[in-house]
There are 2 protein chains.
Amino acid sequence: MTIAQHRDRLDAQLAFVVEIDKLKRVIRRNTLIDGSRRENDAEHSWQLGVWALVMAEHAPEGTDIDRVVRMLLVHDIVEIDAGDTFIYDRVAVEAQEAAERAAADRIFGLLPSDQAGPLRELWDEFEARQTPEARYAKALDRLAPIMANHHNDGGTWALYKVTASQVLANVAIIEEGSPTLGAYAHDLVETSVLRGHLAR
Amino acid sequence: MTIAQHRDRLDAQLAFVVEIDKLKRVIRRNTLIDGSRRENDAEHSWQLGVWALVMAEHAPEGTDIDRVVRMLLVHDIVEIDAGDTFIYDRVAVEAQEAAERAAADRIFGLLPSDQAGPLRELWDEFEARQTPEARYAKALDRLAPIMANHHNDGGTWALYKVTASQVLANVAIIEEGSPTLGAYAHDLVETSVLRGHLAR
Ligand SMILES: [Ca+2]
């Protein structure tokens, strides 16, 4: 390709990167680990990418960690249009799915089609949770708010009246992606209940 | 390894991930692309990871993009101790180097040593800018504030009295990592000067 042809494709790529800058303004329920403010989706996505690298040995043997990192970097981009869904709000979670698919069509669709397809597939794979990569990525995504709440005397659990059995449903998802991380999350839940930071 | 042995290593890994959560509170000079607030290092690192994926074709043939992504995810972690350095402040940039090396020793050193070494080497490689991966990663890092300022009528350039020749020194670094991105950055600088958003 000539520099001019590269520049044509670059224009579409720039439209995409300018658009996804908005992810820095999508605010999640949980706070930072120090509790100082609520977290945004962009910094959350960074955090999960680093966690994936650093905790790689807790994924099943043979998991493609670089694929996990790519998946995590784009896993929340649909929330630019669809907003963050609180994972303990079942009705919202179901109503959300169509909105997220439309968001994926629109946002990944800003890219040249040979790039939009593979990134969209990464997001679909994450959501479907059928591969070791998606299961490990999802395990990290579910572990993150448990960690944040654990470091903040229960954090958003009390605020949103979340119970241990609801959190344990997420621990089961963590366990599917990583038995070690599942066992760790289970201990955090037990400790939080014992300390009175999470209702039984 | 048994689950108990995994858990011992996990404790060190968790100490690291809890520590680096602080990167979300290291504030950069430039704003988000929409200008609404200043950017933090964590969301900046996420952004560069996605840019690396999406603009991969503008890196030299054979560049290992997954290695670039890993490098970018950890490239600013030293700023937790050393703080952000404004790239146009030469004195600060030089005084900063020892502080950053000490920060790298301390922070990567929280991990099990078989993990600390390779991550530290990734950071050293980024700083040394001798490989195609490091040059492409650094190009994206230098492009990001130019993009943000371009979208904000010059943004922090006027505030910090930055001139076009200073920005062009960074454009040369972008060009080393990616001729296409260098040409694009050069155009942004020209446009900003013509619009009166950047002093000649
Ligand atoms: Ca989410």
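First, a word on what this report is: a plain description of the structure on this page.

Conventions adopted
Residues numbered from 1 in each chain as written. Chains lettered and ligands numbered in written order. Predicted model: local features only at pLDDT ≥ 70, side-chain atom pairs only at ≥ 80, totals over all residues. Heavy atoms only, no water. Helix = DSSP H or I, 4+ residues; strand = E, 2+ residues; numbered from the N terminus. Rg over C-alpha atoms; globule rule 2.2 N^0.38 Å. Buried < 20%, exposed > 50% of the residue type's maximum accessible area, 1.4 Å probe, protein only. Contact = heavy atoms within 4.5 Å. Areas by Shrake-Rupley, 256 points an atom, 1.4 Å probe, with all protein chains shown as cover. Lys, Arg positive; Asp, Glu negative; His and termini not counted. Charge placed at Lys NZ, Arg CZ, Asp CG, Glu CD. Least-squares fit on C-alpha atoms with pLDDT ≥ 70 in both. Pairing = 2+ DSSP bridges.

A separate point is the overall build of chain A. Across its full length, chain A holds 10 helices and two strands. In chain A, the succession of α and β elements from N to C terminus is α-β-β-α-α-α-α-α-α-α-α-α. Relative to the compact-globule value of 16 Å for 200 residues, chain A shows a C-alpha radius of gyration of 18 Å, a close match. The 200 residues of chain A split such that 56% are buried. Counting contacts in chain A only where the partners sit at least 6 residues apart, residues at least 24 apart contribute 64% of the total. With an accessible surface of roughly 8000 Å², chain A has 50% of that area assigned to carbon and sulfur atoms. In chain A, 22 side chains carry a positive charge and 33 a negative one; their mean positions are 4 Å apart.

Let us now look at the relation of the copies chain B and chain A. Of the transformation superimposing chain B on chain A, the axial component is 0.0 Å and the angular component is 180 degrees, with the fit at an RMSD of 0.0 Å. Here the two chains are linked by the operation of a two-fold rotation axis. The overlap is high: 100% of the interface residues of chain B also sit at the interface in chain A, so the same surface is used on both sides.

Looking at the secondary structure, you find A:Asp66 in helix 3 (residues 65-74). Here A:Asp66 falls in the buried class, since its relative accessible area comes to 18%. Here A:Asp66 is in contact with B:Asp66 and B:Arg70, once residues within four sequence places are set aside.

A word on the pairing of strand 1 (residues 27-31) of chain B. Residues and elements named next belong to chain B. Looking at chain direction, strand 1 and strand 2 (residues 38-40) are connected through two bridges and run antiparallel. When the sheet's bridge partners are listed, Thr31 is paired in strand 2 with Arg38. Where strand 1 folds back on strand 2, the antiparallel hairpin that results is connected by six residues, among which Gly35 adopts a positive phi of roughly 75 degrees.

Note that every value here comes from positions in space, so none of it alone points to a role or purpose.
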